[in-house]
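Residue-level listing of the chains:
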Amino acid sequence: IANSNEAFVSAVLSSSLDAIININEQGIIIEFNHVAEDIFGFTRNEAMGSLMQELIIPLKYRQQYHDGFKKYLETGENNIFNQRLQLEGLHKNGRIFPIELTVSPIINESETIFTSFSRDISQEEKHKEELLLSAVALEAHEAIFISDTNNNIVRVNNAFSKITGYLPEEVIGNNPSILSSNLHDSSFFRDIWEQINGIGHWEGEIKNKRKNGDIYSEWLGISLVKDEQGNNLYYVAHFIDISKRKEAEQQLTLAKKEAEQASEAKSDFLAVMSHEIRTPMNSILGTLELIQDTPLNEEQHLYVNTANGSASHLLSLINNILDFSKIEAHKLELINTDFDLRQVIDESVSMLSANTKKQNISL
């Protein structure tokens, strides 16, 4: 019978998917199966005869473990036995990792043996974090919907409903074409799917339709998700409503066009007015030149020269106005010309002298 029991225990230890570690009342390891070797990194020979708290329990938990173990041996009371606990274990290389643990005491005639079943739950914790991140992503302000390989929607987020007007139960199981505006031809969608199936992603502007029939512009991105074997699993689409941005762009374009038209009208007005004013000014200048050829006394000659200078200055201003029109039309050409500085100053003084005399100002 003893041999039969030993064979049964050996079979359980070797076939178990959990790490099985047995310790005696002194906390010394008396059994350490092959799964425990894989999880904690110690060989069976290294573990056997060692104190469990010093071998696989992180330093920060050792005192708590020691006190709880001692309390049970003295009073028989303990609140962790026969319960599934999530704790941390210590690997041989010093890495601390999450484990799920169950400890059960086995009392026989001579002593109590403590058997622990544990497993590494690092991957499960990682998957939980990934699921949490996915849940947060799905509740983002950016609309998201996920389709399967049959192109049926399997998941949407709240932002999707806010933008499209569709509740989750109204679109899940349906084809994304429920959002189609019918404003794009078949070649448009063919190019999209060629790019998705080719490089795994497409991004661009598209027009879709809300539940109430309104057409809106969105910036859409679609990514292909594959498994480790390269098989297609899902299509993840995310988009934002850019209708207001498009409207603002159109308004800016219209305002720019109106400003350009106003500027052109102003330039045309200046050109016409300058031309209309220059015609009589040329007549005035011609008349003054004729007067200069007549017999004049010194005072009359001074007056005619002053009038001629003022008229010439006014004509120069008119030409400058035309230059402004040329500047806006990007047609201005600079011309280098010689001039007499003393003559320019004399003409300036002559034009201002009449007003300065009235105000008793010496110029």
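Above this text is the structure in question.
Asker: What am I meant to see in the sheet that holds strand E7 (residues 153-156) here?
Answerer: The strands that make up a sheet pair up through hydrogen bonds in the backbone, lying either parallel or antiparallel. Taken in spatial order, the 5 strands line up as E7-E6-E10-E9-E8 in an open sheet, and their pairing is antiparallel. Each end of this open sheet is capped by a strand with a single partner; those strands are E7 and strand E8 (201-209). Sheet twist, expressed as the mean angle between neighbouring strand axes with direction ignored, is 25°. Bridge count for strand E9 (residues 215-226) against strand E10 (residues 232-241) is 9 bridges, and the pairing is antiparallel. Across the sheet, Leu220 pairs through a bridge with Phe239, a residue of E10. Relative to E8, helix H9 (residues 186-199) is tilted by about 150°, and along the sheet it contacts E8, E9 and E10.

Asker: I tried to follow helix H12 (residues 341-358) on my own but got confused; where do I start?
Answerer: Count 3.6 residues to each turn of an α-helix, and residues three or four apart come out pointing the same way. For H12, which comprises 18 residues, the first-to-last C-alpha distance of 27 Å matches the rise-based estimate of 26 Å (1.5 Å per residue) to within 8%. Maximal helix bending in H12 amounts to about 45°, located at Leu352. For H12, the capping residue at the N-terminal end is Asp340, with a side-chain oxygen 3.0 Å from the backbone nitrogen of Arg342. The positive-phi residue at the C-terminal boundary of H12 is Asn360, with phi of around 55°.

Asker: Is there a simple way to think about the pairing of strand E5 (residues 112-120) in this case?
Answerer: Sheet faces and side chains relate simply in a regular strand, where the side chains alternate between the two faces. With 5 bridges joining them, strand E1 (residues 19-23) and E5 adopt antiparallel strand pairing. From the neighbouring strand, Ile21 faces E5, where its bridge partner is Ser116. Connecting strand E4 (residues 96-107) to the next strand, E5, in antiparallel fashion are 4 residues.

Asker: Even after reading the chapter, I still don't get the sheet that holds strand E3 (residues 85-90), so can you show me in this structure?
Answerer: The antiparallel open sheet is built from 5 strands, whose spatial order is E2-E1-E5-E4-E3. Each edge of the open sheet carries a strand with a single partner, namely strand E2 (29-32) and E3. Sheet twist, expressed as the mean angle between neighbouring strand axes with direction ignored, is 35°. In this structure, E1 lies alongside E2, joined through 3 bridges in antiparallel fashion. The partner of Ile23 across the bridge, within E2, is Ile29.

Asker: Could you clarify how one ought to interpret H9 in this entry?
Answerer: Between the first and last C-alpha of H9 there are 20 Å, a value that for 14 residues agrees with the 20 Å anticipated at 1.5 Å per step. In the stretch just after H9, Gly200 is the one whose phi turns positive, near 85°.

Asker: Teacher, can you tell me more about unusual backbone geometry here?
Answerer: A negative phi angle characterises most non-glycine residues, just as the trans form characterises most peptide bonds. One non-glycine residue with positive phi stands out, namely Asn182, at about 65°. A relative accessible area of 63% places Asn182 in the exposed class.

Asker: Which parts of the structure should I look at to understand the nonpolar core?
Answerer: One broad rule of soluble globular proteins: the nonpolar side chains tend to lie buried together. Among the nonpolar cores identified, the biggest contains 24 residues, and Ile21, Ile23, Ile29, Phe32, Phe40, Met52 and Ile56 are the most heavily contacted of them. Elements supplying a minimum of two residues to this core: E1, E2, helix H2 (34-40), helix H4 (52-55), helix H5 (59-75) and E4. Residues within four places of Ile56 in sequence aside, it is in contact with Ile21, Phe40, Phe42, Gly89 and Leu90. Listed in part, the 21 residues of the second largest apolar core include Ile153, Val156, Tyr216 and Ala237.

Asker: What am I meant to see in the pattern of salt bridges here?
Answerer: Two side chains of opposite charge can pair, provided their charged atoms sit close to one another. Within the structure shown, the criterion is met by 10 salt bridges. Of the charged contacts in the structure, one is a salt bridge between Glu31 and Arg44, with a shortest N-O distance of 3.1 Å. Here Glu31 is found in strand E2, whereas its partner Arg44 is found in helix H3 (residues 44-47), with 13 residues between them in sequence. Relative accessible area serves as the criterion here: at 15%, Glu31 is assigned to the buried category. For Arg245, the salt bridge is made with Glu249, and the minimal N-O distance between the two is 3.8 Å. Of the two residues, Arg245 and Glu249 are both situated in helix H10 (residues 243-292); the distance of 4 residues between them amounts to about one turn of the helix. Taken together, the shared-partner salt bridges connect Arg84, Glu100 and Arg119 into one network.

Criteria and thresholds
Residues numbered from 1 in each chain as written. Predicted model: local features only at pLDDT ≥ 70, side-chain atom pairs only at ≥ 80, totals over all residues. Heavy atoms only, no water. Pairing = 2+ DSSP bridges. Helix = DSSP H or I, 4+ residues; strand = E, 2+ residues; numbered from the N terminus. Axes fitted to C-alpha atoms, helices over the stretch in contact; angles between N-to-C directions. Contact = heavy atoms within 4.5 Å. Expected span 1.5 Å × (residues − 1). Bend = angle between axes of the 7 residues up to and from the residue. Polar contact = N/O pair within 3.5 Å; in protein donor to acceptor, adjacent residues only side chain to side chain. Buried < 20%, exposed > 50% of the residue type's maximum accessible area, 1.4 Å probe, protein only. Core = buried A, V, L, I, M, F, W, Y, C linked by side-chain atoms within 4.5 Å. Salt bridge = Lys/Arg side-chain N within 4 Å of Asp/Glu carboxyl O.

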